[in-house]
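# Architecture and fold: a report
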Amino acid sequence: MGNIQLNIEKTLEFISKEKLAAYQNKVNDCMETLEKGTGLGNDFLGWLHLPSSISQEHLDDLKATAQVLRDNCEVVVVAGIGGSYLGARAVIEAMSNSFQWLQEKKEEDYLSELTTFLKDKKFGVINISKSGTTTETALAFRLLKKQCEDQRGKEMAQKVIVAVTDAKKGAARTTADKEGYKSFIIPDNVGGRFSVLTPVGLLPIAVAGIDIEQLVAGAREMEKVCAAPSLEENPAALYAATRNELYQNGKKIEILVNYQPKLHYFMEWWKQLYGESEGKDHKGIYPSSVDFSTDLHSMGQWIQDGERTIFETVVSVETPNHELHFPSDEENLDGLNFLAGKRIDEVNKMAELGTQLAHVDGGVPNLRVSVPALNEYYLGQLIYFFEKACGISGYLLEVNPFNQPGVEAYKKNMFALLNKPGYEEASKAIQARLK
């Protein structure tokens, strides 16, 4: 099997090859810092060699638990937020039938509508929370736990509720031990946005019937590739260096582009990974994303002619899983018979190339990540590629890529506004500001 590839040729008329090559020593220092664990956030480096450390026994345990849920549930609800949710959904959406929600007449909305939807369903719950006190997740789980017990009985609820939480401490661990739930551990040294290859992501993905062994195998291969010392041989290092040189040249916004609708939630996962990792100390490239060609008719004008502070990274799937040909039409009222017999993917690829050329001509540097096919193996590669590049890129920016101090600020205000015990002084201060 081949590997994903990174092409930066369409950036080199905007940045100097010499300056990019000068990143080699900086990148080597960043990679050494990651490997030796001597940098900021070094207590959250468990993701770095996670793929190669996952045992077959662990995968078998996850698959067996997933099968119990599949055998006993019509619906499995994942209670989680941010990194506890986006990684799993990214893989599940990429590997699922795009129209399954129509076929099964399911709906997704807020908690009140969810609990109504579940009233006549045999459902289970995967509760993902390290502490068990994250407000949004804890609230959802309390509602779901009660409803599951009321509808299915305590004994069955014990069987179909699974906890993914801390090994020893926290409210979620206490609940899991007290209720006798099957549980998996969130490693202490893996942050939420890097956790898709832990049980946080692997269990929901397995429940969806997706091959987690191939997902891990792809990540394991990319772990090897991204250990190479030279920029030319290490796509994660080259990506980190290129985007940082673009940033130094005034390109403050990165737009991740896909032409495959199944990758929409992969873009959402990527935005959290880079936004939460790099946006610190008044630094950082702003991560955005678009789904082409849909967004070509909304964001395309701004990308083509707006402020030149942007660059694009295009994730391109080389070979579709299904082949569809453009039909001929006798009347040819739309004038498209010149496309008759061509594969739809060929037409899409020309749209992609034409868009790339137009945007480069319009002053937008383009990077391209080519993915041989959309399957679990290459999704695993993509996940690890972006994770490793994120760690290197954060250190190039001289920020801590593994904390999220800005996220904690909103939580403090929310707790104060909700009159949580221990936040009395903060509540008084906020009330004074609101007068």
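Quick summary incoming for the structure in this document. Because the structure is a prediction, the values reported are computed rather than measured. (Residues numbered from 1 in each chain as written. Predicted model: local features only at pLDDT ≥ 70, side-chain atom pairs only at ≥ 80, totals over all residues. Heavy atoms only, no water.)

With that settled, consider the layout of surface pockets. Vacant regions in the atomic arrangement are exposed by a probe of water-molecule size rolled over the atoms. Here the second largest pocket is characterised by a volume of approximately 1,100 Å³. For the second largest pocket, the lining is made up of 35 residues, of which Y259, Q260, P261, K262 and N348 are closest to its centre. Mapped onto the lining of the second largest pocket, the elements with two or more residues apiece are α5 (86–95), α13 (264–278), β8 (310–319) and α15 (344–361). It is α15 that contributes the most residues to the lining of the second largest pocket, six residues altogether. Among the residues forming the lining of the second largest pocket, the class breakdown is 15 nonpolar, 12 polar and eight charged. (1 Å grid on protein atoms, 1.4 Å probe; cavity = no way out; pocket = protein on both sides within 12 Å on 5 of 7 lines; lining within 4 Å. Points joined across faces, edges and corners; volume = space filled by probe spheres on them. Helix = DSSP H or I, 4+ residues; strand = E, 2+ residues; numbered from the N terminus. Nonpolar A, V, L, I, M, F, W, Y, C, P; charged D, E, K, R; others polar.)

Moving on, we get to the nonpolar core. The biggest cluster of nonpolar side chains holds 107 residues, and the ones touching the most others in it are F266 and F386. Take this core: its biggest share by element is 13 residues, from helix α16 (residues 376–396). Counting residues in hydrophobic clusters, the runner-up holds nine residues, among them I255, Y259, V290 and V364. (Core = buried A, V, L, I, M, F, W, Y, C linked by side-chain atoms within 4.5 Å. Buried < 20%, exposed > 50% of the residue type's maximum accessible area, 1.4 Å probe, protein only.)

This brings us to the pattern of salt bridges. Counted under the stated rule, the structure contains 21 salt bridges. D166 is the salt-bridge partner of K130, the closest N and O atoms lying 3.5 Å from each other. With K130 in the loop between β3 (123–128) and α8 (135–160) and D166 in the loop between β4 (161–165) and α9 (171–179), this residue pair connects regions lying 36 residues apart in the sequence. Judged by its relative accessible area of 4%, D166 is buried. E179 is the salt-bridge partner of K154, the closest N and O atoms lying 3.1 Å from each other. Here the residue K154 occupies a position in helix α8, and E179 occupies one in helix α9, the gap between them amounting to 25 residues. (Salt bridge = Lys/Arg side-chain N within 4 Å of Asp/Glu carboxyl O.)

A few words on the side chain of S316. Tracing the sequence through the fold places S316 in strand β8. On the basis of relative accessibility, which here comes to 1%, the residue S316 falls in the buried class.

Next up on the list: the packing of aromatic side chains. The tally for this structure, following the rule as stated, stands at 16 aromatic pairs. Geometrically, the ring pair formed by W47 and Y384 is tilted, given 6.3 Å between the ring centres and 50 degrees between the ring planes. Of this pair, W47 sits in the loop between α2 (23–36) and α3 (50–53) while Y384 sits in helix α16, and the two are 337 residues apart along the sequence. The buried category is assigned to W47, whose relative accessible area is 0%. (Phe/Tyr/Trp six-rings, centres within 6.5 Å; stacked < 30°, edge-to-face > 60°.)

Glancing now at the sheet that holds strand β6 (residues 253–258). Strand order in the open sheet made by the five strands is β1-β9-β8-β6-β7, with mixed pairing throughout. Edge positions in the sheet fall to β1 (5–7) and β7 (286–291), since each has one partner strand and no second. Neighbour-to-neighbour, the strand axes of the sheet open up by a mean angle of 20 degrees, direction not taken into account. Helix-sheet contacts for α15 involve β8 and β9 (366–373), and the interaxial angle to β8 is about 160 degrees. Along the sheet, α16 contacts β6, β8 and β9; its crossing angle with β9, the most-contacted strand, is approximately 150 degrees. (Pairing = 2+ DSSP bridges. Axes fitted to C-alpha atoms, helices over the stretch in contact; angles between N-to-C directions. Contact = heavy atoms within 4.5 Å.)

For the rest of this paragraph, the subject is the environment of Q67. Of note, Q67 is situated in helix α4 (residues 56–72). On the basis of relative accessibility, which here comes to 38%, the residue Q67 falls in the partly exposed class. Sequence separation between Q67 and V207 is 140 residues; the distance between their C-alpha atoms is 6.8 Å.

Let us now look at the environment of H322. Within the secondary structure, H322 is located in the loop between β8 and α15. Owing to a relative accessible area of 70%, H322 belongs among the exposed residues under this scheme. Placed 22 residues apart in sequence, H322 and I344 show a C-alpha to C-alpha distance of 10.0 Å.

A disulfide bridge is the covalent bond that connects two cysteines by way of their sulfur atoms. Scanning the entire structure with this criterion turns up zero disulfides. With no disulfide of its own, C73 lies 7.1 Å from the sulfur of C148, the closest cysteine sulfur. What makes C73 buried here is its relative accessible area of 12%. C226 carries a free sulfur, and the closest cysteine sulfur to it, the one in C390, is 13 Å from it. Using a relative accessible area of 0% as the deciding quantity, one classes C226 as buried. (Disulfide = S-S within 2.5 Å.)

We now examine the environment of G82. Along the chain, G82 turns up in the loop between β2 (75–79) and α5. Overall, G82 belongs to the partly exposed group, its relative accessible area being 22%. Residues G82 and Q56, spaced 26 residues apart in sequence, show a C-alpha to C-alpha distance of 27 Å.

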